Amino acid sequence: MTGHRGRDIVVGIDPVRDWHLPLAWAADEAQRRRLPLRLVLAVPPRHDTHHGDDTPGRTALRRAGADRLEQACNWVRDRHPEVDVTGDLPGGFPAPVLGGVAEEARLIVLGCRHLSRTAEFFSAGSITVPVSAQARCPVVVVGDAEHISRQPPYVVAGIDGSASATAALAFAFDEADLRGATLRVVCVWQRPVFMPDDEEVALRAQRTVLSEATAGLSDKYPDVHVTHEVLTGHPVEELARAAEHALAVIVGRRGRGGYTGMRLGSVVHGLLHRAHCPVITVPTE
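Residues numbered from 1 in each chain as written. Predicted model: local features only at pLDDT ≥ 70, side-chain atom pairs only at ≥ 80, totals over all residues. Heavy atoms only, no water.

Participant: Any details on the overall build of the protein chain? Residues and values, ideally.
Facilitator: The number of helices and strands found in the protein chain is nine helices and 10 strands. The buried share of the protein chain, taken over its 285 residues, is 49%. Here the analysis covers contacts within the protein chain between residues at least 6 apart in sequence; of these, 81% occur between residues at least 24 apart. Roughly 13600 Å² of accessible area belongs to the protein chain as shown, and the carbon and sulfur atoms make up 52% of that amount. (Helix = DSSP H or I, 4+ residues; strand = E, 2+ residues; numbered from the N terminus. Buried < 20%, exposed > 50% of the residue type's maximum accessible area, 1.4 Å probe, protein only. Contact = heavy atoms within 4.5 Å. Areas by Shrake-Rupley, 256 points an atom, 1.4 Å probe, with all protein chains shown as cover.)

Structural data, given as structure tokens:
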């Protein structure tokens, strides 16, 4: 894989929500890439700061977490016996714990609760936005089952000529090559309120961006069939529509956001709630 060279694929296991969809995606990816899989379930500290962690309630919480991790590990072994899977039960709040794990991970895979943007911001248990904003490795958010009905299968990469889009495109080529999928490289042009130049000139410039961005990577991945598409409209809506039957939609992330993830970017943030295929965000290298 281009870019981040961590040792394993990490899955954030939700202690109360169903983990099967993100875990299935991660287990399949670990099998394809021949990488170990690490399942992480963070156990938050008690709100009562006058007592230590060795209380009966804390012990029961850790025991329940350990049981859930064991179930998930056994499920992976049944699905892919050849995948090396381990469970980890660190103490701490999930978002910072997973953000720390990302320092050494190849990928982080999370489930999605399909909360609204406001609910996501105010939810104490939210991890998708802050982890996607802060992680140094690519983050995969799986909200629905992978779409495999469309033939040939395809992956969508959204680019805009930025450095973060370049990193996302490199990842997208690698992913498409690994899966034997077509790569649809999409650039969305949003018509400004005041248009000083001819619209066709602007669209031609976008097509040039697409061609230049993919030229070297097409040589590196000769088996990947690539299509270029310049769409007109709102970036979130058009990318989500293009990825309606995709294996994944892959986009770049600029820099590292704060804890709330408000610097994640409006397009990425919108896709996390709008797209029904896995959304992969790739940080700038």
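The structure having been displayed, the exposition proceeds.
Participant: Go over the environment of Ser218 with me, naming the residues and quoting the values.
Facilitator: Summarising the element assignment, Ser218 is placed in helix 7 (residues 199–220). Separated by 45 residues in sequence, Ser218 and Phe173 have C-alpha atoms that sit 8.2 Å apart. If sequence neighbours within four positions are ignored, Ser218 has contacts with Phe173 and Val226.

Participant: Outline helix 6 (residues 163–179), supporting the account with residue identities and numerical values.
Facilitator: With 17 residues, helix 6 extends 25 Å from end C-alpha to end C-alpha; this agrees with the ideal 24 Å at 1.5 Å per step. Of all 17 residues making up helix 6, 13 are buried, and the element is well covered by its neighbours. The first or second residue beyond helix 6 is Gly180, which carries a positive phi of 65°. (Expected span 1.5 Å × (residues − 1).)

Participant: Report on the pattern of salt bridges, specifying residues and quantitative values.
Facilitator: Counted by the stated rule, this structure contains 14 salt bridges. Across the pair Asp28 and Arg79 runs a salt bridge, and its minimum N-O distance is 2.9 Å. Of this pair, Asp28 sits in helix 1 (residues 20–33) while Arg79 sits in helix 2 (residues 56–79), placing them 51 residues apart in sequence. Its relative accessible area of 37% is what places Arg79 among the partly exposed residues. The salt bridge involving Arg179 is made with Glu175; its shortest N-O contact spans 2.8 Å. Of this pair, Arg179 and Glu175 both sit in helix 6, four residues apart, which is roughly one turn of the helix. (Salt bridge = Lys/Arg side-chain N within 4 Å of Asp/Glu carboxyl O.)

Participant: Can you break down empty space enclosed by the protein residue by residue, with the values?
Facilitator: Applying the stated rule across the entire model yields one cavity of 30 Å³ or more. Each pocket or cavity is described by its volume, and for the largest cavity that value is around 40 Å³. Forming the boundary of the largest cavity are 10 residues, of which Val141, Gly143, Leu272, Ala275 and Cys277 lie nearest the centre. Grouping the amino acids of the lining of the largest cavity by side-chain chemistry returns six nonpolar, three polar and one charged. (1 Å grid on protein atoms, 1.4 Å probe; cavity = no way out; pocket = protein on both sides within 12 Å on 5 of 7 lines; lining within 4 Å. Points joined across faces, edges and corners; volume = space filled by probe spheres on them. Nonpolar A, V, L, I, M, F, W, Y, C, P; charged D, E, K, R; others polar.)

Participant: Any chance you could break down the packing of helix 8 (residues 235–242) against helix 9 (residues 266–274) for me, citing the residues and the numbers?
Facilitator: It is the contact of helix 8 with helix 9, at a shortest axis distance of 9 Å, that shows an interaxial angle of 45°. By the angle between their axes, helix 8 is oblique relative to helix 9. The handedness of the crossing between helix 8 and helix 9 comes out as right-handed. Contacts between helix 8 and helix 9 involve Pro235, Val236, Glu237, Leu239 and Ala240 from the first element and Ser266, Val267, Gly270, Leu271 and Arg274 from the second. Its residues assigned to classes, the contact of helix 8 with helix 9 comprises six nonpolar, two polar and two charged. (Axes fitted to C-alpha atoms, helices over the stretch in contact; angles between N-to-C directions. Parallel < 35°, antiparallel > 145°, perpendicular 65-115°, else oblique. Left-handed = near helix turned anticlockwise from the far one by under 90°.)

Participant: Outline the environment of Arg179, supporting the account with residue identities and numerical values.
Facilitator: With a relative accessible area of 16%, Arg179 lands in the buried category. Residues Arg179 and Val155 lie 24 residues apart in sequence; the distance between their C-alpha atoms is 9.3 Å.

Participant: Tell me about the packing of aromatic side chains, and name the residues and values.
Facilitator: Per the counting criterion, the structure on display carries two aromatic pairs. Centroid distance Trp19 to Trp75: 5.9 Å. Interplanar angle 75°. Geometry classified as edge-to-face. Here Trp19, found in the loop between strand 1 (8–12) and helix 1, pairs with Trp75, found in helix 2; they are 56 residues apart in sequence, far enough to count as distant. A centroid spacing of 5.8 Å and a plane angle of 25° characterise the contact between Phe173 and Tyr221, whose relative ring orientation is stacked. Here Phe173 is found in helix 6, whereas its partner Tyr221 is found in the loop between helix 7 and strand 8 (226–232), with 48 residues between them in sequence. (Phe/Tyr/Trp six-rings, centres within 6.5 Å; stacked < 30°, edge-to-face > 60°.)

So far we have only geometry, and geometry alone does not tell us how the molecule works.
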